[in-house]
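Letter by letter, the chains look like this.
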Amino acid sequence: MNPVGFFFRSSIGRKILMAVTGAILIGFVVGHLVGNLQIFSHPDKINGYAQFLHQLGPLLWVARIGLLVAVVIHIWAATVLTLENRRARGPVPYGFKHTIRATLASRTMRLTGYVVLAFIVYHLAHFTLGAAQSGTFKANLPKYTMAQDYAVAGFPVVKAGTQVDDVYSMVAHGFQSPAVAIFYIVAVGLLSFHLLHGFDSLFQTLGWRTHRWAGALRAAAVAFCLAYFAGNLAIPGAVLAGKVKPRAVAAATR
Amino acid sequence: MVAANSTAPLSITLRVWRQAGPNQPGQFVDYQSKDLSPNMSFLEMLDVVNDQLTAKGEEPIAFAHDCREGICGTCSCTINGKPHGPGKGVATCQVYMRSFRDGDVVTVEPFRAAAFPVIKDLITDRSAFDKIQQAGGYITARAGSAPDANAIPVPKPDADLAMDAATCIGCGACVAACKNASAMLFVAAKVSHLGLVPQGQAERDKRVLAMVSTMDELGFGNCTNQYECSAACPKLISHDFIARLNRDYFNASLRASFQPESQSTGGGAG
Ligand code: HEM
Ligand code: FES
């Protein structure tokens with residue numbers, strides 16, 4: 001067999017694909033959160049950052065297509081493995097159901113995963129395509145003029161005075177709707193819960209976990225998930241609490 | 001739990017899966033089992049119930065057993081949802097009635113897995129494990145007089161780890177306990193106990209690839225790293241071996257795909 005056969009057709013191969021794509025997605029969501037936390041700084045920051053990403057042009061598309069492939073493989077593997085797992089129990093289920101030590105997070109991976117998928121679709125429609133809440137979509141808001149240069153690793157990538165999309169205000173408008181904000185909070189909560197199992201499961205799947213450091217790995221997974229959830233909670237939370245406001249409103253009240 | 005030295009007799013309601021034969025419908029049937037010694041084993045309790053059933057002219061409960069000392073892996077059934085019943089690191093034959101309380105309802109069912117079809121009542125056909133073993137769970141060795149002891153050096157830590165894996169008695173509790181009826185702990189134990197010692201190296205890659213592909217073909221599920229298997233294992237074999245199996249499989253599949261092969265058409269080491 002060739003490697004494609006090993007990875008796409010065997011049980012362990014599919015699990016490895018799921019772990020590798022899961023790790024890629026973890027890398028993405030962490031980077032995405034760190035980028036978004038710039039909303040707690042001057043609007044120059046997040047608006048300059050968004051402009052910088054769009055200036056990447058073809059590179060941005062490489063990243064987008066790479067992420068799409070990772071998501072598709074992850075969900076494909078999750079789905080085929082789950083269907084096989086259902087069949088493997090056989091025609092008669094246990095009459096007395098009992099769990100010895102499998103965690104709740106591990107037993108709800110499919111549920112949390114598919115809710116996260118629904119969230120991803122909404123999230124793209126909301127902030128990337130403008131299909132949801134289109135009135136306050138970045139393309140329909142007044143342009144933002146950069147007050148200062150936006151620098152990445154010391155290089156000024158977006159110059160002061162550049163007219164850019166006002167992502168800052170779009171996000172603030174978006175989360176002023178409590179329903180939208182709460183949906184985001186619940187969805188990232190479920191994603192954090194997904195990662196509570198996924199984070200250390202991926203080390204086991206890739207063959208790196210042993211009892212000698214499993215405790216430390218578990219602690220790291222819990223700490224990671226709490227930090228990830230807190231960071232994601234902060235953004236809609238701050239808008240709901242009135243700490244972050246759309247720019248025009250902020251200017252009027254100053 | 002009744003105190004270990006208690007001698008007060010207990011009575012339980014036994015809720016047993018009764019199924020006349022393969023592919024026949026089955027159902028749970030309740031039996032009252034009275035005045036049991038807390039120090040009798042679970043299988044002895046079944047023997048007593050069966051004696052009473054036989055005396056009444058009813059069909060006794062079919063259950064598998066052999067050594068009755070936890071080394072053969074025959075006595076496989078699920079008690080109150082846990083393969084081999086209450087207790088850690090024991091087989092059904094090592095469960096004693098003192099693990100239950102007077103008046104308990106105790107549910108006994110066969111191991112449930114598509115790859116382990118029910119033959120009758122609590123007995124399942126676990127020959128799927130034999131097929132996995134035959135696919136690669138062996139080494140090719142010179143048969144003849146016993147080799148010199150210590151002719152092949154084996155590092156002590158490797159030998160210890162290999163022996164941990166080799167304690168597998170092939171009972172199938174890992175499959176029965178797994179939420180996905182996966183055989184990964186069994187295959188991991190068999191792959192590791194040979195793969196950790198020098199004698200197992202010649203066939204190491206072939207072994208892991210063949211055993212995993214046979215496991216997949218037989219309809220076992222896929223591991224989701226929930227570690228129910230190692231918790232139910234009567235020998236408490238660690239799921240660390242599953243991580244090791246994953247790594248072994250990954251490396252072997254890359255070598256099988258890219259390692260150079262002999263291109264000569266004749267001669268060679270034929
Ligand atoms: C979009 C829908 C998703 C579905 C349906 C889904 C489903 C699953 C399933 C079924 C598993 C296997 C669980 C197990 O082995 O017990 C899993 C594992 C995992 N998921 Fe997801 N997931 C989704 C999204 C995500 C996202 C967005 C991320 C990362 C940010 C992620 C990260 C992981 C990781 C790291 C693992 C562990 C890999 C392993 O060792 O199995 N998943 N996912
Ligand atoms: S009868 Fe041999 S292990 Fe229980």
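Remember, it's a predicted structure, so these values are computed and weren't measured experimentally. (Residues numbered from 1 in each chain as written. Chains lettered and ligands numbered in written order. Predicted model: local features only at pLDDT ≥ 70, side-chain atom pairs only at ≥ 80, totals over all residues. Heavy atoms only, no water.)

1. A look at the packing of aromatic side chains
Residue and element names in this part refer to chain B.
So, step 1. All chains considered together, the criterion is met by 21 aromatic pairs over all chains.
So, step 2. On the basis of an interplanar angle of 80° and a centroid distance of 5.3 Å, the ring pair of Phe-116 and Phe-129 is categorised as edge-to-face. One end of the pair, Phe-116, is in the loop between strand S5 (105-109) and strand S6 (118-120); the other, Phe-129, is in helix H2 (residues 127-136), and 13 residues separate them in sequence.
So, step 3. Relative accessible area serves as the criterion here: at 1%, Phe-116 is assigned to the buried category.
So, step 4. Note on Phe-129 and Phe-186: the rings are 3.7 Å apart at their centroids and 5° apart in plane angle, and the pair reads as stacked. Of the two residues, Phe-129 is situated in helix H2 and Phe-186 in helix H5 (residues 184-195); the sequence distance between them amounts to 57 residues.
So, step 5. Residue class for Phe-186 comes out buried when judged on its relative accessible area of 3%. (Phe/Tyr/Trp six-rings, centres within 6.5 Å; stacked < 30°, edge-to-face > 60°. Helix = DSSP H or I, 4+ residues; strand = E, 2+ residues; numbered from the N terminus. Buried < 20%, exposed > 50% of the residue type's maximum accessible area, 1.4 Å probe, protein only.)

2. Concerning the interface of chain A and chain B
So, step 1. Listed per partner, the contact involves 40 residues of chain A and 51 residues of chain B.
So, step 2. Together chain A and chain B conceal approximately 3,700 Å² of surface at their shared face, both sides included; 53% is due to carbon and sulfur atoms.
So, step 3. Looking only at chain A, the three residues that lose the most surface to chain B are Ile-12, Arg-89 and Tyr-94 of chain A, adding up to 18% of its buried area.
So, step 4. Inspection of the region where chain A meets chain B yields one salt bridge.
So, step 5. For Arg-209 of chain A, the salt bridge is made with Asp-240 of chain B, and the minimal N-O distance between the two is 3.9 Å.
So, step 6. Our count for the contact surface shared by chain A and chain B stands at 33 residue pairs in polar contact (both at pLDDT 80 or more).
So, step 7. Elements supplying a minimum of two residues to the side of chain A that touches chain B: helix H1 (3-9), helix H2 (11-36), helix H4 (58-88), helix H5 (104-107) and helix H8 (178-205) of chain A.
So, step 8. Here the residues of the side of chain A that touches chain B sort into 15 nonpolar, 17 polar and eight charged. (Contact = heavy atoms within 4.5 Å. Buried area = accessible area lost by both parts, 1.4 Å probe. Salt bridge = Lys/Arg side-chain N within 4 Å of Asp/Glu carboxyl O. Polar contact = N/O pair within 3.5 Å; in protein donor to acceptor, adjacent residues only side chain to side chain. Nonpolar A, V, L, I, M, F, W, Y, C, P; charged D, E, K, R; others polar.)

3. Re the coordination of the iron atom of ligand 1
All names here are of chain A.
So, step 1. The protein atoms donating to the iron atom of ligand 1 are His-74 (NE2) and His-194 (NE2), with metal-donor distances spanning 2.0 to 2.1 Å.
So, step 2. Note that the iron atom of ligand 1 binds six donor atoms; their angles at the metal cover 88 to 179°, and the shape is octahedral. Taken together, the residues His-74 in helix H4 and His-194 in helix H8 connect sequence positions 120 residues apart. (Donors = N, O, S within 2.8 Å, 3.2 Å for Na, K, Ca; no water. Tetrahedral: all angles 85-135°; square planar, octahedral: opposite > 155°, others 65-115°.)

4. Observations concerning the domain arrangement of chain B
Interface size is commonly expressed as the accessible area that is lost once the parts come together.
Residues and elements named next belong to chain B.
So, step 1. According to the domain assignment, chain B consists of domain 1 (10-120) and domain 2 (126-256).
So, step 2. Computed over C-alpha atoms, the centres of domain 1 and domain 2 are 29 Å apart.
So, step 3. Carbon and sulfur atoms supply 67% of the area that domain 1 and domain 2 bury against each other, a total of about 1,400 Å² over both sides.
So, step 4. Together, Pro-83, Ala-115 and Phe-116 form the three largest contributors to the area buried by domain 1 at its contact with domain 2, with a combined 34%.
So, step 5. Counting across the interface, domain 1 meets domain 2 through zero salt bridges.
So, step 6. If you look at where domain 1 meets domain 2, you find five residue pairs in polar contact (both at pLDDT 80 or more). (Domains from an automatic or database assignment.)

5. Digging into the site of ligand 1
So, step 1. Taken together, 23 residues form the shell around ligand 1, and within it Lys-15, His-74, Gly-113, His-194 and Thr-205 of chain A come nearest.
So, step 2. With respect to ligand 1, its neighbouring residues span chains A and B.
So, step 3. In the environment of ligand 1, a nitrogen atom lies 2.8 Å from a nitrogen or oxygen atom belonging to the side chain of His-74 of chain A.
So, step 4. A distance of 2.9 Å is found between a nitrogen atom of ligand 1 and a side-chain nitrogen or oxygen belonging to His-194 of chain A.
So, step 5. When residues of the shell around ligand 1 are traced back to their parent elements, those giving at least two are H2, H4, helix H6 (109-129) and H8 of chain A.
So, step 6. Broken down by element, the shell around ligand 1 gets its largest block of residues, eight residues, from H8 of chain A.
So, step 7. When grouped by side-chain class, the residues that make up the shell around ligand 1 number 13 nonpolar, nine polar and one charged. (Near = heavy atom within 4 Å.)

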